Amino acid sequence: MHGFSEPFPLKPRLGDLLAVLLVAVLGVGVFLAFLPGSSQTPQTLEIYQDGQLLRRVSLTEDQTFVMEGAYKNTVEIRGGRVAIVESDCPGEDCVHSGWCNTPGQSIVCLPNRVELRILGTPQEGEVDGVSG
């Protein structure tokens with residue numbers, strides 16, 4: 001007879017269980033590392049115009065200001081988020097970007113050559129204010 005009369009018993013070994021546990025722990029670690037805002041709290045906004053850093057402002061203080069250039073962008077910071085809420089540039093794509101609050105996100109107004117870039121918590125020794 002070529003078939004098996006009873007099922008083939010599979011018994012997990014200690015090494016098998018350790019390998020599964022290791023893969024699960026690594027998977028959870030990678031997932032947590034890539035969650036938006038999991039490693040940094042967005043607190044600083046860098047403001048660029050024509051590729052030059054103009055200043056850094058805190059996202060913890062609610063404020064509204066206008067970026068002037070070829071066009072005008074009204075920037076609003078509220079509740080740790082930032083948005084360009086009004087602009088007279090063609091298309092107003094910057095306004096349609098909506099509210100941002102995650103480190104690494106940017107809002108760009110190409111016609112006015114403005115970029116708002118969200119940073120995480122500044123590291124010790126970093127400059128937290130630049131005037132231009």
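Each remark here, short or long, concerns the structure printed above.
Values in this document were obtained by computation on a predicted structure and should not be read as measured data.

## Brief notes about the pairing of strand β7 (residues 114-119)
Next, step 1: With burial as the criterion, only one face of β7 is covered, namely that bearing Val114, Leu116 and Ile118; the residues Glu115, Arg117 and Leu119 on the opposite face remain uncovered.
Next, step 2: As paired strands, strand β6 (residues 106-109) and β7 are joined by four bridges and run antiparallel to one another. Bridge pairing in β7 places Ser106 opposite Arg117.
Next, step 3: As consecutive antiparallel partners, β6 and β7 are separated by four residues, and within that stretch Arg113 has a phi angle of approximately 55 degrees, a positive value.

## As for the pattern of salt bridges
Next, step 1: Enumeration over the complete set of coordinates arrives at five salt bridges.
Next, step 2: Here Arg113 makes a salt bridge to Asp50, at a shortest N to O gap of 2.9 Å. One end of the pair, Arg113, is in the loop between β6 and β7; the other, Asp50, is in the loop between β1 (44-49) and β2 (52-58), with 63 residues separating them in the sequence.
Next, step 3: For Glu76, the salt bridge goes to Arg78, with nearest N and O atoms at 2.9 Å.
Next, step 4: Glu76 gets classed as buried once you look at its relative accessible area, which sits at 18%.
Next, step 5: Classification of Arg78 by relative accessible area gives partly exposed; the value is 40%.

Criteria and cut-off values
- Residues numbered from 1 in each chain as written.
- Predicted model: local features only at pLDDT ≥ 70, side-chain atom pairs only at ≥ 80, totals over all residues.
- Heavy atoms only, no water.
- Buried < 20%, exposed > 50% of the residue type's maximum accessible area, 1.4 Å probe, protein only.
- Helix = DSSP H or I, 4+ residues; strand = E, 2+ residues; numbered from the N terminus.
- Pairing = 2+ DSSP bridges.
- Salt bridge = Lys/Arg side-chain N within 4 Å of Asp/Glu carboxyl O.

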